[in-house]
Amino acid sequence: MEKVKYASNDTEVLKNRLLVTDEELRCVLGVGEPTARAIAQNADAVVRVNGRKLNSMEKIKKYIDAVAGK
């Protein structure tokens, strides 16, 4: 079976996803790789699925709201 690599750069599509890759997270947040990884780590949003590292958008959104004081 061949691996399928699907990445989207459409931020509206990505905002509705439950899990996103590091690359997609950088696109949504508009930040670089180290910052995106730090935000995911601080938000406790890192999820492992079948050996893949993904990030929970729900936790990322909650973390950003908390940091922003909302």
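Cut-off values and rules
- All residue numbers refer to position in the chain's written sequence, counted from 1.
- Totals for whole chains, interfaces and linings use all residues, but because this is a predicted model, local features are given only for residues with pLDDT of at least 70 and pairs of side-chain atoms are given and counted only at 80 or more.
- Where side-chain values are given, they derive from all heavy atoms of the structure, hydrogens and water being excluded.
- Secondary structure elements are defined from DSSP: runs of H or I of at least 4 residues count as helices, runs of E of at least 2 residues count as strands, and each element is numbered from the N terminus.
- Here the term buried applies to any residue with accessible area under 20% of the maximum for its type, exposed to any over 50%, and partly exposed to those in between, with areas from a 1.4 Å probe on protein chains only.
- Should any heavy atoms of two residues lie within 4.5 Å, those residues are considered in contact.
- The Shrake-Rupley method, run with a 1.4 Å probe, gives the accessible areas here. Residue values count only the displayed protein chains as cover.
- Salt bridges are defined as contacts in which a side-chain nitrogen from Lys or Arg sits within 4 Å of a carboxyl oxygen from Asp or Glu.
- Here a polar contact means two N or O atoms within 3.5 Å. Within protein one must be a hydrogen donor candidate and the other an acceptor candidate, and residues neighboring in sequence count only if both atoms are side-chain atoms.

Colleague: Could you clarify how one ought to interpret the overall build of the protein chain in this entry?
Modeller: Across its full length, the protein chain holds four helices and three strands. Put simply, the protein chain runs from its N terminus to its C terminus through helices and strands in the order α-β-α-α-β-β-α. Considering the protein chain as a whole, with its 70 residues, one finds that 26% of them fall into the buried category. By sequence separation, contacts in the protein chain at least 24 residues apart represent 39% of the contacts at least 6 residues apart. When the accessible area of the protein chain is evaluated, it comes to approximately 5,200 Å², of which 51% is carbon and sulfur surface.

Colleague: Would you mind showing me how to read the pattern of salt bridges here?
Modeller: Charged atoms that come close allow side chains of opposite charge to pair. Under the counting rule described, the total for this entry stands at six salt bridges. One salt bridge connects Glu-24 with Arg-17, and the closest N-O pair in it is separated by 2.7 Å. Classification of Glu-24 as buried rests on a relative accessible area of 2%. Arg-26 is the partner of Glu-33 in a salt bridge, and the nearest nitrogen-oxygen pair spans 4.0 Å.

Colleague: Whenever I open this one, the side chain of Asn-55 confuses me. Can you help?
Modeller: By the element assignment, Asn-55 lies in strand β3 (residues 52-56). Reaching out from Asn-55, the side chain makes a polar contact with the side chain of Asp-22 at a distance of 2.9 Å. Excluding its chain neighbours within four sequence positions, the residues that come into contact with Asn-55 are Leu-18, Leu-19, Val-20, Thr-21, Asp-22, Leu-25, Ala-40, Ala-45 and Val-46.

Colleague: I would appreciate a short explanation of the environment of Gly-32 in the present structure.
Modeller: You can see Gly-32 is positioned in the loop between α2 (22-29) and α3 (33-42). Judged by relative accessible area, which is 36%, Gly-32 ranks as partly exposed. The spacing of Gly-32 and Asp-22 is ten residues in sequence and 9.9 Å in space, taken between C-alpha atoms.

From the geometry alone we can't say anything about function, so treat these as descriptive.
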